[in-house]
Amino acid sequence: MSRLSHTASLEVRTQKGNPVLAVRTGHPADSLESLRLVKSSRGSGWLWRNGRLEPWETRGVLQDGQLVIWGETAHDLEGLVASEWVLDGKEAWQLQVSLVKAWTTLARQGALPAKFNPSTVLLARDGLDWAVAFLPDDLASVLTSVLPLRCREDWEPFLLPDSGQRSWPFSSMAFLWRAVETVLPWQQGDESFLRQEIRDLAKSLEGTELPVGVDSSTRELWLASAGRQEKNQSPDWSARWSEWATTHEQMPAIEEREALASQNRLQGREFRSFWRRRGTLVLFIGASVLAALLVAGSIVWNIVKPDLSDHWTPREVAQGYYQALDELQGTELRKLLSKNPEGGTALGQDDEQTTNLFVLVQVRTAYERQSPLLKASDWIAKGRPALDSGQLLYGLSGLKIQQGAIPEQLVADYTKWVSVAPAEAGASVNALGEIFQDVIRFQKTWKGWKIADIQRSIRPLP
């Protein structure tokens, strides 16, 4: 028979000639765990026995190798023997019916702890009857916190992860289910997944998963306690469970289900649960991977795909280069080069100036809501008027391209115009023009003719 383990247990002791109910903590008296337990030992609990609930007040601690916390109660303690928490069969069912009667009685008095945990309740027996001791809240919390991991893991499938009104109904439902079937449909090996499974029962648990043989009132109450609460159902858990316990003291005849069918059912739930919990993440990852592949493919394709400029002659490449320079098109400029431009060279200077001016124009346009750029060709066509404050003059004029000394060489002559900030505040912006001569060397690459180098000379306008 399966049982839940715990370090603590109940015992009846004699203190000052009177029987008292004590908790043997299972921890050495000189341990750090016992020090914490001593600090939380004072409090009020309850003892339910023979359908009657009486307070249990802690009075002190004893040491007989282990720490023992004792308290007084008006209940008769004769014949009580500590018991473990049984999980299987009729004995477990009767235990849970007794526990339901105990916690619903405590709930009606407004004294039910906010959450069921492994140390909230300890058990004792008197023949076939059960006695239920509700420990003081602080003591129960510390006992649970110092419970060994192996013990806590065994309790997890029966615990609602969150505090609240449904903690006790959920645990009662889970223990009753376990009394008639050995596998709970939400059990998971991983603790975090298990807790999420329990939270998700409100959406995922189906009536077809309940044990075959429980009656309709049990099915309805169990589903509600798992979270499948109907809108018009009463939220008074103590009343509903108390009424149920008076008519369900005997375990029903449960139809045995084949292990394979049970396993298939659980696997189906796990599959649906996985897609419910992780479906969005899987789809997101899939979409992200697909997007990454598309982006990577697009980048690779943009690198290797043919460009119109790949079929240009050297003269067309030179014309395209100076057009891109004039229009501040850095991407088009770099397409026409055989390799990345080095800083300090004419190609590097052109690339840097194009990039910087493009960024400057975009920033000022966004800030000023209009472009500050005045193209040199437009300015010349208007007769070279005086520049307004803030105008940014830039561009080429008079471009002429001639054959160089060798076939792979061309010579380009042109004038570059830029605006120059005035020397004094309030003065007009000046236009500066310089005559450029570029000796362009070309190289035949796998993508056609490209510019390999430019040797540049500059002189002022006469």
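Below, the structure is looked at part by part. Nothing here was measured: the structure is a model prediction, and the numbers come from that model.

Across the sheet, 5 strands lie side by side as β11-β12-β13-β14-β15; this open sheet has mixed pairing. Lying at the two open borders of the sheet, with one neighbouring strand each, are β11 (373–375) and β15 (448–460). Averaged over all pairs of adjacent strands, the angle between strand axes in this sheet comes to 25 degrees, irrespective of strand direction. Pairing of strand β14 (residues 430–445) with β15, which is carried by 12 bridges, proceeds in the antiparallel orientation. Of the residues in β15, the one forming a bridge with aspartate 438 is arginine 456. Each of β11, β12 (392–403), β13 (409–420), β14 and β15 touches helix α10 (residues 314–326); the most contacted strand, β12, lies at about 170 degrees to it. Running over the sheet, helix α12 (residues 346–368) touches β11, β12, β13 and β15 and is turned about 85 degrees from β15.

The next thing to look at is the sheet that holds strand β5 (residues 52–63). On the basis of which strands lie adjacent, the open sheet formed by 8 strands has the order β2-β3-β6-β5-β4-β10-β9-β7 and antiparallel pairing. Each edge of the sheet is formed by a strand with only one pairing partner; in this case those strands are β2 (9–15) and β7 (81–83). If you compare each strand with its neighbour and ignore which way they point, the axes differ by 35 degrees on average. Note: strand β4 (residues 44–49) against β5, 6 bridges, orientation antiparallel. The residue of β5 that forms the bridge with arginine 49 is arginine 52. Each of β3 (18–28), β5 and β6 (66–73) is contacted by helix α1 (residues 32–39), which is oriented at about 140 degrees to β3, the strand it contacts most.

Right, let's talk about unusual backbone geometry for a bit. Leaving glycine out, the prevailing phi sign among residues is negative, and the prevailing peptide bond configuration is trans. Located in the positive-phi region is lysine 16, a residue other than glycine, with phi close to 55 degrees. By relative accessible area, which is 77% here, lysine 16 ends up exposed.

Within the secondary structure layout, tyrosine 321 lies in helix α10. A C-alpha to C-alpha distance of 90 Å links tyrosine 321 and leucine 123, two positions 198 residues apart in sequence. For tyrosine 321, the residues in contact, after removing those within four places along its chain, are Leu333, Leu336, Leu337, Leu347, Asp350, Ile451 and Ile454.

About the criteria used
Residues numbered from 1 in each chain as written. Predicted model: local features only at pLDDT ≥ 70, side-chain atom pairs only at ≥ 80, totals over all residues. Heavy atoms only, no water. Pairing = 2+ DSSP bridges. Helix = DSSP H or I, 4+ residues; strand = E, 2+ residues; numbered from the N terminus. Axes fitted to C-alpha atoms, helices over the stretch in contact; angles between N-to-C directions. Contact = heavy atoms within 4.5 Å. Buried < 20%, exposed > 50% of the residue type's maximum accessible area, 1.4 Å probe, protein only.

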